[in-house]
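A structural walkthrough
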Amino acid sequence: MDMNHPVFFELHSQLPRESPGRACYTRQAFTMLPAMETPRILDVGCGTGPATLELAKLSDGTVIAIDTHRPYIDRLQRKAEQRGLQGRVQTRHRSMLDMEFPDGSFDLIWAEGSIYIIGFERGLREWHSLLRPGGFMAVHDVVWLQPDPPKEIRDYWQEMYPDIASVDERIESIRRQGYRLLGHFTLPEQAWWDEYYGPLEQRIGLLRGKYADDPDALAVLAQEQREVDMYRRYSAWYGSAFFVMQKNEKHK
């Protein structure tokens with residue numbers, strides 16, 4: 001998929017969020033953490049910031065939100081200012097592949113639907129040092145819900161995200177990378193449709209008419225529709241889950 005084509009960002013620019021989820025699941029994951037006084041939080045791959053703003057309200061702390069797409073960052077900054085949160089939401093135009101924060105910078109790292117970019121195990125491994133001693137991490141990622149998926153969906157995820165794994169495999173990765181699991185839960189199917197695939201599919205239909213004479217744009221839209229169609233057919237086989245964990249200081 002050509003994520004650099006202008007139609008990709010036009011398609012995603014007005015969506016409620018950039019991955020499956022809702023604010024209630026952000027809150028559910030946050031309640032698995034112990035109380036923290038004005039924590040310093042890193043929101044990795046924040047998109048337009050639905051989780052960022054929720055975390056700022058829930059924590060009474062400071063949230064540093066990073067993303068590689070400048071319009072998303074600018075939109076989040078405007079929303080923070082409108083909500084009177086500009087003092088506690090700080091945006092950075094930065095990649096998760098090159099964050100350059102000092103070790104021990106954060107009490108909590110949050111990655112809601114974004115860790116696939118770097119890969120689950122690599123993200124946990126490389127972000128470990130950014131947490132203060134005893135710091136926390138919450139990750140929301142795609143998972144297999146059943147073993148032995150049909151070939152079509154297995155091949156699709158091998159192409160799109162080879163790092164996909166089962167919940168049990170994710171829990172083992174968490175232990176192996178130096179964390180203690182505090183809790184986890186799987187999101188219901190409706191969480192994929194209400195604020196992500198439903199609005200996305202509507203916008204695909206609108207933009208297909210607008211770009212009817214642009215083969216490159218239509219190819220991007222077809223790839224996005226393919227993602228929606230795969231979930232419609234195979235949602236019994238895969239979904240997404242939150243994992244909330246604490247840094248283990250004994251890990252080397």
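Below or above, wherever it landed, is the structure these notes cover. As the structure is a computational prediction, the values presented were derived from the model and not from experiment.

Some thoughts on the pattern of salt bridges
All chains considered together, the criterion is met by 20 salt bridges. In this structure, the salt-bridge partner of Glu 201 is Arg 232, at a minimum N-O distance of 2.8 Å. In this pair, Glu 201 is assigned in helix H8 (residues 190-210) and Arg 232 in helix H9 (residues 215-234), connecting sequence segments 31 residues apart. Across the salt bridge formed by Arg 232 and Asp 229, the nearest N and O atoms sit 3.3 Å from each other.

Digging into the packing of helix H2 (residues 23-30) against helix H3 (residues 50-59)
Two numbers describe how H2 lies on H3: the axes approach to 10 Å, and their chain directions differ by 45 degrees. Relative to H3, H2 is oriented oblique. Relative to H3, H2 is oriented so that their crossing is right-handed. Facing Ala 23, Thr 26, Arg 27 and Phe 30 of H2, the residues of H3 in contact are Ala 51, Glu 54, Leu 55, Leu 58 and Ser 59. For the contact of H2 with H3, the per-class residue count stands at 5 nonpolar, 2 polar and 2 charged.

Quick notes on the packing of aromatic side chains
Applying the stated criterion across every chain yields a total of 19 aromatic pairs. Taking the centre distance of 6.1 Å and the plane angle of 80 degrees together, the rings of Tyr 116 and Tyr 161 count as edge-to-face. Placement of the pair is Tyr 116 in the loop between strand E4 (106-112) and helix H5 (120-127) and Tyr 161 in the loop between helix H6 (151-160) and strand E6 (165-166), with a sequence separation of 45 residues. On the basis of relative accessibility, which here comes to 4%, the residue Tyr 161 falls in the buried class. Aromatic side chains Tyr 197 and Tyr 231 sit 5.8 Å apart centroid to centroid with 55 degrees between the ring planes, which places their arrangement in the tilted category. Note that Tyr 197 is positioned in helix H8 and Tyr 231 in helix H9, a separation of 34 residues in sequence. Residue classification places Tyr 231 among the buried positions, given a relative accessible area of 2%.

Criteria and thresholds
- Residues numbered from 1 in each chain as written.
- Predicted model: local features only at pLDDT ≥ 70, side-chain atom pairs only at ≥ 80, totals over all residues.
- Heavy atoms only, no water.
- Salt bridge = Lys/Arg side-chain N within 4 Å of Asp/Glu carboxyl O.
- Helix = DSSP H or I, 4+ residues; strand = E, 2+ residues; numbered from the N terminus.
- Axes fitted to C-alpha atoms, helices over the stretch in contact; angles between N-to-C directions.
- Parallel < 35°, antiparallel > 145°, perpendicular 65-115°, else oblique.
- Left-handed = near helix turned anticlockwise from the far one by under 90°.
- Contact = heavy atoms within 4.5 Å.
- Nonpolar A, V, L, I, M, F, W, Y, C, P; charged D, E, K, R; others polar.
- Phe/Tyr/Trp six-rings, centres within 6.5 Å; stacked < 30°, edge-to-face > 60°.
- Buried < 20%, exposed > 50% of the residue type's maximum accessible area, 1.4 Å probe, protein only.

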